Amino acid sequence: MLLEINDLHVYYKSYWYILKVLNGVWLRVDKGERVGIIGESGSGKTTLLKSILKILPQNGIIPRGEIRYDGKNILKLGDNELTKIRRKEIGIIFQDPMAALNPVFTIKEQLYDIIKHKMMIEGHNPSSKELHEQAVKILNDVRLPDPERVLKSYPFQLSGGMRQRVMIAMALISAEKLLLADEPTTNLDVTIQDQILKLIHKLVTEKNLSTILVSHALGMVYQMTDRVFVLYAGDIMEEAGTNELFNHPKHPYTQLLISSTPRLSSVGVGEGIKGKIPDYRNPPPGCRFAPRCPYVMDKCINMKPGKIQVNRDHVVSCYLYD
Amino acid sequence: MTAENVTTSTRLQNILSNYYVRKILLSIVTLFGISILIFTIARVLPGDPARLALGPRAPEDVVEQYRKLLRLDQPIYIQYFYWLLDVFNGRFGLSLVTFRDVLTDIVEFLPATVELIIFTLIIDVIGAFSLGVISGRKPNSMIDNAVRIFAYAGIAIPSFVWAIILQLVLANWLDILPAYGRLSLGIEVNRITGLITVDSLLSGNLVAFADAITHLIIPSLSLAIGCIAQEARILRANLIENINKDYILNMYAHGIPSSIIFFKYALKPSMIPTVTIMTLDMASMLGNAFLVELIFNWPGLSRYGITAMLRKDLNAIVGVVLVIGLAYTIASIIIDLLVSYLDPRVRYKR
């Protein structure tokens, strides 16, 4: 087991209230496994990824839970060990490459710093010539034409697709074991999305990386993952092998999510799910999906259901299968 | 059109398409506009400048003669035309108070103000950046709260009140700094540039230099406090906002040391709004300086300008306002240079 998350709670504190976003999330990623996390916007997918690297915004707190990476709890790790993991073991691709690249520094300045600090933890202080060679090589790896020009550019001088390739290049510098991809194609043109996906797929396969792919594009998750977790309002609702999950969804939320996705083959648009994500200031005490669930029962409202094993490779958190 | 004409005209177009050339040409037009406006306003205000200049007991025919000499009996546009003619000959008209050319007065009084403002700016830049950084580095800590309380006080209390407080505490009670003036009695410096600190260094008079600096501290500090407070708050707010941006979290995700993240990747984008405000503050200091100059008996341009307003010294008013307009123009060019240095998005748009 490369990564195992248990009972993870993440809150955002503001002056007047506390947003209780993650509510006891669990997650498992095996070595070489490609895991998908699906769920609608605002479910806490990005928060979950950021807590794995402990890079939550300053008002984010983790009151409870553990994130075991390679046997060690990341939340209790000393600075040195955490830095080592951040520099050369886990890499992250952010959702919006424009927001994730510093607007007032060239790609070169940002990329050099990242490469330099990674090499330094390997006990080697690189010369600027080495940095340059490495940077060009990395940009070539992500199929960026004219790396020299890209290095000299500021983020706003590149197209969306190029920015995302730079982002992927940065993430791969650090991701020698695990790659976290937070909706890597959401902010791109449809024509570019497929190219970027194929690129990520190819690089991940070549380097035999474990991945967590977060997305609400279900087709993409279906194609690219081995196992899927369904996250809704900060709770894992269901976990299963990708084929099992898409063909035999058990949780009412998963069923609605899959049926509301528009398909090319069917006529019209899916129905969607009535209602919206609960208010995190005062979330439902029981199952967080209860207020929107068509099969809601009395006990759903007061007590959160536990993990229920429906078969060997399928876990669901719902009283319907109790 | 001949080939040569074409190249000349394209060359001209190239020069005109340069952002700064356009900006400078535009500010010349603006200064012209200001001169027309202030020239007119100064003349339509109630009160007879000739009478004010000569005093209530001067006989009417003398006053009338003086009015003719100043061309006050002519229509305003004729007066303005003659004034422009004077300006192109390097004269800004006679001051009714000092009976000298306004330009001579400006040359005499401006350096004291410029020296005051330069020193204020130095204190301002050091103060604003260090307080903003200290505060933004550890938001809501004790030291941040202390800085914020100071910032509220700094903004709420006007500079002349600071001037009096500082004068009282540092000069009267503690007696560690001189209370007013530019130099102590008995110390003299030959005038070269008019900036005493520079002149004393040029003539190798270190005693005078030290003396001039001690005289500058209280007035500059009282002018700077309000600016420091405002700018430190803006820098703090921008730092706190930017430190949670994805581009910063991305650097944390790569294990970059937090000092590099803060002082390089967060500070630079956060400086852009602060620098803009700072340069605008610099221009308005010229206007804010007058009460401070009054309190510290500082022979500067602001005090000269106020006297001109009260005495309806027409040409002096126009001269002083033009200098202030010029200061704003220079400030806005400095803002552009600094911001385009800090922000490549601005640089490449031009």
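Model, not experiment: these values are computed from the prediction.

As for the overall build of chain A
Step number 1: If you tally the helices and strands in chain A, you get twelve helices and twelve strands.
Step number 2: Taken over the C-alpha trace, chain A has a radius of gyration of 20 Å; the compact-globule value for 322 residues is 20 Å, and the two agree within 12%.
Step number 3: In chain A, which comprises 322 residues, the proportion classed as buried is 43%.
Step number 4: Within chain A, residue pairs in contact and separated by at least 24 positions form 63% of the contacts whose partners lie at least 6 positions apart.

Thoughts on the interface of chain A and chain B
Step number 1: Between chain A and chain B, the contact holds 24 residues from the first and 20 residues from the second.
Step number 2: Put simply, the parts of the chain that give the side of chain A that touches chain B at least two residues each are α2 (79-88), α3 (97-100) and α4 (107-121) of chain A.
Step number 3: Tallied by class, the residues present in the side of chain A that touches chain B amount to 14 nonpolar, five polar and five charged.

What to know about the environment of isoleucine 333 of chain B
Residues and elements named next belong to chain B.
Step number 1: Mapped onto the fold, isoleucine 333 is located in helix α14 (residues 314-342).
Step number 2: Taking the C-beta count within 10 Å as the criterion, isoleucine 333 has 15 such neighbours and is therefore assigned partly exposed.
Step number 3: Linking isoleucine 333 and isoleucine 122, residues 211 residues apart in sequence, is a C-alpha distance of 19 Å.

Some remarks on the pairing of strand β4 (residues 60-69) of chain A
All names here are of chain A.
Step number 1: Direction of pairing for strand β1 (residues 3-13) relative to β4: antiparallel, over a ladder of seven bridges. Bridge pairing links glutamate 4 to arginine 68 in β4.
Step number 2: With two bridges joining them, β4 and strand β5 (residues 72-73) adopt antiparallel strand pairing. Bridge assignment links arginine 68 to a residue of β5, and that residue is asparagine 73.
Step number 3: The antiparallel pairing of β4 with β5 creates a hairpin that spans two residues between the two strands, and aspartate 70 there sits at a positive phi of about 55 degrees.

Focus: the sheet that holds strand β10 (residues 235-241) of chain A
Residue and element names in this part refer to chain A.
Step number 1: Read from one edge of the open sheet, eight strands run β6-β7-β8-β3-β9-β10-β12-β11, paired in mixed fashion. The sheet terminates laterally at β6 (90-93) and β11 (308-311), the two strands that pair on one side only. Across the sheet, the mean angle separating the axes of adjacent strands is 20 degrees when strand polarity is ignored.
Step number 2: Across three bridges, β10 lies against strand β12 (residues 314-316) in antiparallel orientation. Bridging from a neighbouring strand, alanine 240 pairs with histidine 314 of β12.

With respect to the confidence of the model for chain B
Detailed conclusions should not be drawn from predicted coordinates in areas where pLDDT is low.
All names here are of chain B.
Step number 1: Averaged over every residue, the pLDDT of chain B is 86; the share at 70 or more is 98%.
Step number 2: The element-level mean pLDDT for chain B is lowest in helix α1 (residues 3-17), coming to 71, with helix α11 (residues 246-253) highest at 96.
Step number 3: Interface confidence for the predicted complex, given as ipTM, is 0.93, next to a pTM of 0.85.

With respect to helix α5 (residues 76-88) of chain B
Step number 1: Between its terminal C-alpha atoms α5 of chain B stretches 18 Å, which fits the 18 Å expected from 13 residues at 1.5 Å a residue.
Step number 2: Just past α5 of chain B, the residue glycine 90 of chain B takes up positive phi, approximately 80 degrees.

Concerning helix α1 (residues 45-52) of chain A
Step number 1: Within α1 of chain A, seven of the eight residues are buried, which leaves it mostly tucked inside the rest of the structure.
Step number 2: Looking at the residues trailing α1 of chain A, positive phi occurs at lysine 54 of chain A, about 55 degrees.

Notes on the pairing of strand β3 (residues 34-38) of chain A
Residues and elements named next belong to chain A.
Step number 1: In terms of burial, β3 is largely enclosed, as five of its five residues are buried.
Step number 2: Burial along β3 is two-sided: the face carrying Arg34, Gly36 and Ile38 and the face carrying Val35 and Ile37 are both buried.
Step number 3: As paired strands, β3 and strand β9 (residues 227-232) are joined by four bridges and run parallel to one another. Bridge pairing in β9 places isoleucine 37 opposite phenylalanine 229.

Side note on the packing of helix α8 (residues 159-173) of chain B against helix α10 (residues 206-242) of chain B
Residues and elements named next belong to chain B.
Step number 1: For the pair α8 and α10, the least separation of the axes is 8 Å and the interaxial angle reads 140 degrees. By the angle between their axes, α8 is oblique relative to α10. Two packed elements cross with a definite hand, and for α8 against α10 that hand is right-handed. Listed contacts from α10 to Ser159, Trp162, Ala163, Leu166, Gln167, Leu170 and Ala171 of α8 are Ile218, Pro219, Leu221, Ser222, Leu223, Ile225 and Gly226.
Step number 2: Grouping the amino acids of the contact of α8 with α10 by side-chain chemistry returns ten nonpolar, four polar and no charged.

Describing the packing of helix α6 (residues 102-137) of chain B against α10 of chain B
Residue and element names in this part refer to chain B.
Step number 1: At their nearest, the axes of α6 and α10 sit 6 Å apart, and the two run at 35 degrees to each other. Crossing of α6 against α10: the hand is right-handed.
Step number 2: A class-by-class count of the residues in the contact of α6 with α10 yields 17 nonpolar, six polar and three charged.

Procedures and definitions
The numbering scheme is per chain: residues are counted from 1 as the chain's sequence reads. Following the order in which they are written, the chains are lettered starting with A and the ligands numbered starting with 1. Only residues with pLDDT of at least 70 are given local features in this predicted model, and only at 80 or more are side-chain atom pairs given and counted; all residues enter the totals for whole chains, interfaces and linings. Numbering of helices and strands runs from the N terminus, with a helix taken as a DSSP run of H or I at least four residues long and a strand as a DSSP run of E at least two residues long. Only C-alpha atoms enter the radius of gyration; for comparison, a globular chain is expected to reach 2.2 Å times N to the power 0.38, where N is the number of residues. Neighbour counting defines burial: a residue surrounded by 20 or more other C-beta atoms within 10 Å of its own C-beta is buried, one with 12 or fewer is exposed, and intermediate counts give partly exposed, using backbone-placed C-beta atoms. Note on contacts: each residue gets a C-beta atom placed from the backbone, and two residues are in contact if those atoms are within 7 Å. In this classification, the charged set is Asp, Glu, Lys and Arg, the nonpolar set is Ala, Val, Leu, Ile, Met, Phe, Trp, Tyr, Cys and Pro, and all remaining amino acids, among them Gly, are polar. Strand pairing is defined by DSSP finding a minimum of two bridges between the two strands. Orientation is described by lines fitted to C-alpha atoms, with helices fitted over the stretch in contact, and by angles between N-to-C directions that extend from 0 to 180 degrees. Values of pLDDT, which run from 0 to 100, indicate the predictor's confidence residue by residue. For a helix, the expected span equals 1.5 Å multiplied by the number of residues minus one. Throughout this description, any angle smaller than 35 degrees is read as roughly parallel, any larger than 145 degrees as roughly antiparallel, any in the 65 to 115 degree range as roughly perpendicular, and the remainder as oblique. Handedness of each helix crossing follows the sense of rotation of the near helix against the far helix: counterclockwise by less than a right angle gives left-handed, clockwise gives right-handed.

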